[in-house]
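Fold and contact review
The lines below spell out each chain.
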Amino acid sequence: AMDWQVLTRELSLYLESQVRVGLFGSGVGLSLVLGFGVAYACYYLSSIAKKPQLVASNDRFCRFLEEYCPVVTETYYPTIWCWEGRVQTLLRPFITSRPQVQYRNELIKTADGGQISLDWFDNNSSLNYPDASTRPTVLLLPGLTGTSKESYILHMIHQSETLGYRCVVFNNRGIAGEDLLTPRTYCAANTEDLEAVIHHVHSLHPSAPFLAAGVSMGGMLLLNYLGKTGRDTPLMAAAIFSAGWNVFESVESLEKPLNWLLFNYYLTTCLQSSISRHRQMLEKLFDMDLVMKARTVREFDTQFTSVMFGYRTIDDYYEDASPCRKLKSVGIPVLCLNSVDDVFSPGHAIPVETAKQNANVALVLTSCGGHIGFLEGMWPRKCTYMDRVFKQFVQAVFEHGNKILSM
């Protein structure tokens, strides 16, 4: 054992001296470092940096995207030191900046006596659209426990501000600091609140071009709404980011040991803390002690979400919440960005064949990017690939939409 220790110590001292001498003298250490660097660069360029897969059966829609939203046809270079899906997902909230946004809050009443909190960014200093009545409006839908304060929402507003557009963020019930007036929150399958918000926003600005962008569960909700309404919507188009297409596949992926440890448990505690503030109101209908014992999203949905919205079983709820079933009925142009290494929406569950059967749908699939990650650049604090897709697509629709809206 002693000989082995001596040998390893001698070897490590030799290597250390070689690297030190090599960097300034003999060149052996530098060769090692350079060799590794070149090998890694080759691997990165051949296997990591790739053009996204664009799935769209409609040639007009394809040509429209290639011309006015070229980012979807360009190579995506994920951040070279953190391209893996889980790492991108975990790092993005901590690493990306938070642009300053001043909101105007509005509370609107719902038919069942509840209330919804909307956060408006009016952009009254817009140079491109000084007339508020015709200023294009973007409705933003955050993820599962997200609000208007999420960094990805702030970045979308920042992008819209530079283009002169107005934004309004739809905060799900009871999540943005407002009280619950009835024992009801929200879910991915029930589109009533979203319908009320879309109707409200459109009635305030009937002459303004209007589109929506949804992220994660917000994207699922938006897709479920579009699948239900077809062409009968005031929205011109929609953008969807990191949506979970098949909820059964999503929860199964999130229940794998590492994913449970990194994401599922934390997400479950976020869901629990978002309703614990409304415990008195919700105790009228639920065994809240049981709900607070949930250790997975599936357990939470079994005890709480599926019961609240009247589903007989959790499977009935998950079936209804899965947008892959409604995709064929979408009646307006929709661009959907997913990464195939997203543990929240596994690549094999993305409905590529169904998308090909609907001329209104375009999927953009990157090989890396994780869940709402899409980090790029050496120090990815500012703009992500997702932000650039959002900006180009929204601008394309508002400035050149007539080229696809007649599809």
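Residues numbered from 1 in each chain as written. Predicted model: local features only at pLDDT ≥ 70, side-chain atom pairs only at ≥ 80, totals over all residues. Heavy atoms only, no water.

- An unreviewed UniProt entry annotates the protein as Phospholipase ABHD3 originating from Upupa epops.
- We quote the UniProt Subcellular location (unreviewed entry) comment for the protein here in full: "Membrane".
- The UniProt entry for the protein carries the following comment under Sequence similarities (unreviewed entry): "Belongs to the AB hydrolase superfamily. AB hydrolase 4 family." (UniProt positions renumbered as here; feature names shortened; annotations may be inferred.)

1. Structural notes on the environment of Leu-45
- Position of Leu-45 among the secondary structure elements: in helix α2 (residues 28-48).
- Owing to a relative accessible area of 54%, Leu-45 belongs among the exposed residues under this scheme.
- Once the C-alpha coordinates of Leu-45 and Ile-80 are considered, the two residues, 35 residues apart in sequence, prove to be 9.7 Å apart. (Helix = DSSP H or I, 4+ residues; strand = E, 2+ residues; numbered from the N terminus. Buried < 20%, exposed > 50% of the residue type's maximum accessible area, 1.4 Å probe, protein only.)

2. What to know about the nonpolar core
- Ranked by size, the top nonpolar core spans 69 residues in total, and within it Leu-139, Leu-222 and Leu-363 carry the most contacts.
- Taken together, domain 1 (48-246 + 322-403) and domain 2 (247-319) each give at least three residues to this core, which thus spans both.
- Other than its neighbours up to four places away in sequence, Leu-139 contacts Val-168, Phe-170, Leu-194, Val-197, Ile-198, Phe-210, Leu-211, Ala-212 and Ala-213.
- Leu-65, Tyr-68, Ile-372 and Phe-398 belong to the second-largest nonpolar core, a separate cluster that totals 51 residues. (Core = buried A, V, L, I, M, F, W, Y, C linked by side-chain atoms within 4.5 Å. Domains from an automatic or database assignment. Contact = heavy atoms within 4.5 Å.)

3. Topic: the UniProt feature "domain: AB hydrolase-1" (unreviewed entry) in the protein
- The positions that UniProt labels "domain: AB hydrolase-1" (unreviewed entry) are, in the present scheme, residues 136-377.
- For residues 136-377, the end-to-end C-alpha separation is 30 Å, with 41% helix and 14% strand making up the annotated structure.

4. Quick look at a nonpolar patch on the surface
- On the surface, a nonpolar cluster with roughly 260 Å² of combined accessible area is contributed by Val-28, Leu-32 and Val-33.
- Inspection of the secondary structure assignment puts Val-28 in helix α2. (Patch = residues over 30% accessible without salt bridge, like charges linked within 9 Å, V, L, I, M, F, W, Y side chains within 5 Å. Areas by Shrake-Rupley, 256 points an atom, 1.4 Å probe, with all protein chains shown as cover. Salt bridge = Lys/Arg side-chain N within 4 Å of Asp/Glu carboxyl O.)

5. Details of α2
- With 21 residues, α2 ought to run about 30 Å at 1.5 Å a step, and its terminal C-alpha atoms sit 29 Å apart, in line with that.
- Among the residues making up α2, those that are buried are Gly-29, Tyr-44 and Ile-48. Within α2, the buried residues cover an arc of 35° as seen down the axis, which keeps them to one side. Facing away from the buried side of α2, by more than 90 degrees, are the exposed residues Leu-34, Val-38, Leu-45 and Ser-46. (Expected span 1.5 Å × (residues − 1). Arc of directions from axis to C-beta.)

6. Section: the domain arrangement of the protein
- According to the domain assignment, the protein consists of domain 1 (48-246 + 322-403) and domain 2 (247-319).
- The centre of domain 1, based on its C-alpha atoms, is set 24 Å off from the matching centre of domain 2.
- With 33 residues of domain 1 in contact, the opposing surface of domain 2 contributes 28 residues.
- Three residues, Pro-183, Asn-246 and Phe-344, lead the burial of domain 1 against domain 2; their summed loss comes to 23% of the area buried on that side.
- Where domain 1 touches domain 2, the interface holds two salt bridges.
- With a closest N to O distance of 3.8 Å, Arg-277 and Asp-179 form a salt bridge.
- Taken together, the connections running from domain 1 to domain 2 amount to 14 residue pairs in polar contact (both at pLDDT 80 or more). (Buried area = accessible area lost by both parts, 1.4 Å probe. Polar contact = N/O pair within 3.5 Å; in protein donor to acceptor, adjacent residues only side chain to side chain.)

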